[in-house]
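One-letter residues, chain by chain:
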Amino acid sequence: MSQVIQHGSTDVVILGMGAMSGTVAAEVTLAGYKAVGIERGPSWDYTSDFLPTKNDEWGVMFMRKYDHQLPVSTPSLRNNRNQFALPVRRNTPTGQIISEGHGVGGMTIHYGGLMGRYAPWVYQMRSQTINRYGEDYLNNAVPHNDIQDWPMTYDEYVPYYEEWEKMWGVVGTNQGPFMPSLSSYPLPPAPDTPIGALFKSTAETMGYHPFPVPSSLASQAFVNTYGVAVNQCNYNGWCGAPCNYACETGAKASSAWRSVPAALKTGNLDLRLNSTVFRLDTDDTGKVTAARYYDAQDDAPLRHRRPI
């Protein structure tokens, strides 16, 4: 029988240990705050969990061994608004793919590794469209006219991009004319393949200016800004396909081996693995005061959050 366990307060409670939340864990713990990370999956070890089974195409692509396990919790699915929504019982490649992260690192455990910046226009889509074409054009093109500018411009976001790219280990030269101020990423691009070299030379003879796609697959070993040592990609070709293959060297950037290790090293992060949040308690003002979750034993602990 499950029992309710109530824990004391902590500075920060982080729900999930994916790309963003895993980075938040590093930032707050390195700043000296105590944090609890509630993660519904396990903590993967790429040195032992992936190498023996990574090339299991059936298990990875069709059985989704690195995705969230549907028997634990499942979304419902319907193909149109008139259908009765039913729970998804199996992730299939024919329309019921619900690819979700499972464990520390989240979806970055088995994504394709593509990584780049948004162009400046994205951040001022509304104002730049109006300046160039007029507001009537925008109203006609987007009848609901719900497009809004971001709160900051691209130039204001650049320092945050740069900090992220150094920590994540983004590789590449630039993104062509879309990023005039970006000369290169922190790490050099991966070596050309014969097909890539042929494409590049052919495109250049036609007057185009191709460039390597920015990615987060470390082209060389390095130590990131959190002090975490990162291995070099071994270019074995098992990163793409439906983006379901994990990296057995840790070269594909993930919070599991970029930021969370730094948080754990501080001693300020308490990971609660195989735990599913089912309710957030709030006070009269709407502020969250506690997170309730089931742990691996189906108990329902309670952790309070003290504002920073």
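These notes cover the structure that comes with them. (Residues numbered from 1 in each chain as written. Predicted model: local features only at pLDDT ≥ 70, side-chain atom pairs only at ≥ 80, totals over all residues. Heavy atoms only, no water.)

Here we take up the packing of aromatic side chains. As enumerated under the stated definition, the model contains 15 aromatic pairs in all. Here Tyr118 and Tyr123 contribute two aromatic rings whose centre-to-centre distance is 6.2 Å and whose plane-to-plane angle is 75°, an arrangement assigned as edge-to-face. Residue Tyr123 is classed as buried on the basis of its relative accessible area, which comes to 3%. Their ring planes at 25° and their centres at 4.3 Å tell us that Trp164 and Trp168 sit as a pair that is stacked. (Phe/Tyr/Trp six-rings, centres within 6.5 Å; stacked < 30°, edge-to-face > 60°. Buried < 20%, exposed > 50% of the residue type's maximum accessible area, 1.4 Å probe, protein only.)

Time to look at helix 6 (residues 154–168). With 15 residues, helix 6 should reach 21 Å at 1.5 Å per residue; the first-to-last C-alpha distance of 19 Å fits that figure. Of all bends in helix 6, the biggest is about 30°, found at Tyr160. Taken as a whole, helix 6 has its buried residues at Tyr154, Tyr157, Val158, Tyr161, Trp164, Glu165, Met167 and Trp168. On its buried face, helix 6 is in contact with helix 1 (19–30), helix 3 (120–123) and strand 6 (222–223). Trailing helix 6 by a residue or two, Gly169 shows a phi angle of about 80°, which is positive. (Helix = DSSP H or I, 4+ residues; strand = E, 2+ residues; numbered from the N terminus. Expected span 1.5 Å × (residues − 1). Bend = angle between axes of the 7 residues up to and from the residue. Contact = heavy atoms within 4.5 Å.)

Between side chains of opposite charge, a pair can form when the charged atoms approach closely. With the rule as written, the count across this model stands at five salt bridges. Across the salt bridge formed by Asp281 and Arg279, the nearest N and O atoms sit 3.1 Å from each other. Assessed through its relative accessible area of 42%, Arg279 is described here as partly exposed. Here Arg292 ties to Asp281 by a salt bridge, and the two come within 2.9 Å at their closest N and O atoms. Of this pair, Arg292 sits in strand 10 (residues 288–294) while Asp281 sits in strand 9 (residues 276–282), and the two are eleven residues apart along the sequence. (Salt bridge = Lys/Arg side-chain N within 4 Å of Asp/Glu carboxyl O.)

The next point concerns the environment of Phe178. In this structure, Phe178 sits in the loop between helix 6 and helix 7 (194–205). Considered as a pair, Phe178 and Asp192 are 14 residues apart in the sequence and their alpha carbons are 22 Å apart. Apart from residues lying up to four places away in sequence, Phe178 is in contact with Ala119 and Pro120.

Moving on to the environment of Arg90. Along the chain, Arg90 turns up in the loop between strand 5 (86–87) and helix 3. For the pair Arg90 and Gly169, spaced 79 residues apart in the sequence, the C-alpha separation amounts to 35 Å.

Let us look at helix 1. Given a rise of 1.5 Å per residue, twelve residues ought to cover 16 Å, and the 17 Å separating the end C-alpha atoms of helix 1 matches this to within 8%. Ser21, Gly22, Thr23, Ala25, Ala26, Val28 and Thr29 are the residues of helix 1 that are buried. Where helix 1 is buried, its residues contact strand 2 (12–15), strand 3 (35–38), helix 6, helix 8 (260–266) and strand 8 (269–272). A positive phi of about 100° marks Gly32, the residue just after helix 1.

Right, let's talk about the nonpolar core for a bit. Of all hydrophobic cores here, the largest spans 40 residues; its most connected members are Ile14, Met17, Phe50, Ile109, Trp168, Trp257 and Leu269. Those elements that provide at least two residues to this core are strand 2, helix 1, helix 6, helix 8 and strand 8. Take this core: its biggest share by element is seven residues, from helix 6. Core analysis: the second largest hydrophobic core is formed by ten residues, Val171, Leu217, Ala218 and Ala251 among them. (Core = buried A, V, L, I, M, F, W, Y, C linked by side-chain atoms within 4.5 Å.)

Looking now at the layout of surface pockets. Rolled over the atoms, a probe sized like a water molecule indicates the empty space that remains. What the largest pocket holds in volume is close to 710 Å³. Lining the largest pocket are 26 residues, and of these Ala190, Pro191, Asp192, Pro212 and Val213 lie nearest its centre. The residue inventory of the lining of the largest pocket, partitioned by class, reads 16 nonpolar, eight polar and two charged. Put simply, the second largest pocket is a space of about 270 Å³. What lines the second largest pocket is simply Met20, Thr23, Val24, Glu27, Tyr160, Glu163, Trp164, Met167, Thr225 and Tyr226. Within the residue set of the lining of the second largest pocket, elements represented by two or more residues are helix 1 and helix 6. (1 Å grid on protein atoms, 1.4 Å probe; cavity = no way out; pocket = protein on both sides within 12 Å on 5 of 7 lines; lining within 4 Å. Points joined across faces, edges and corners; volume = space filled by probe spheres on them. Nonpolar A, V, L, I, M, F, W, Y, C, P; charged D, E, K, R; others polar.)

By themselves, these observations are geometric and do not establish any function.
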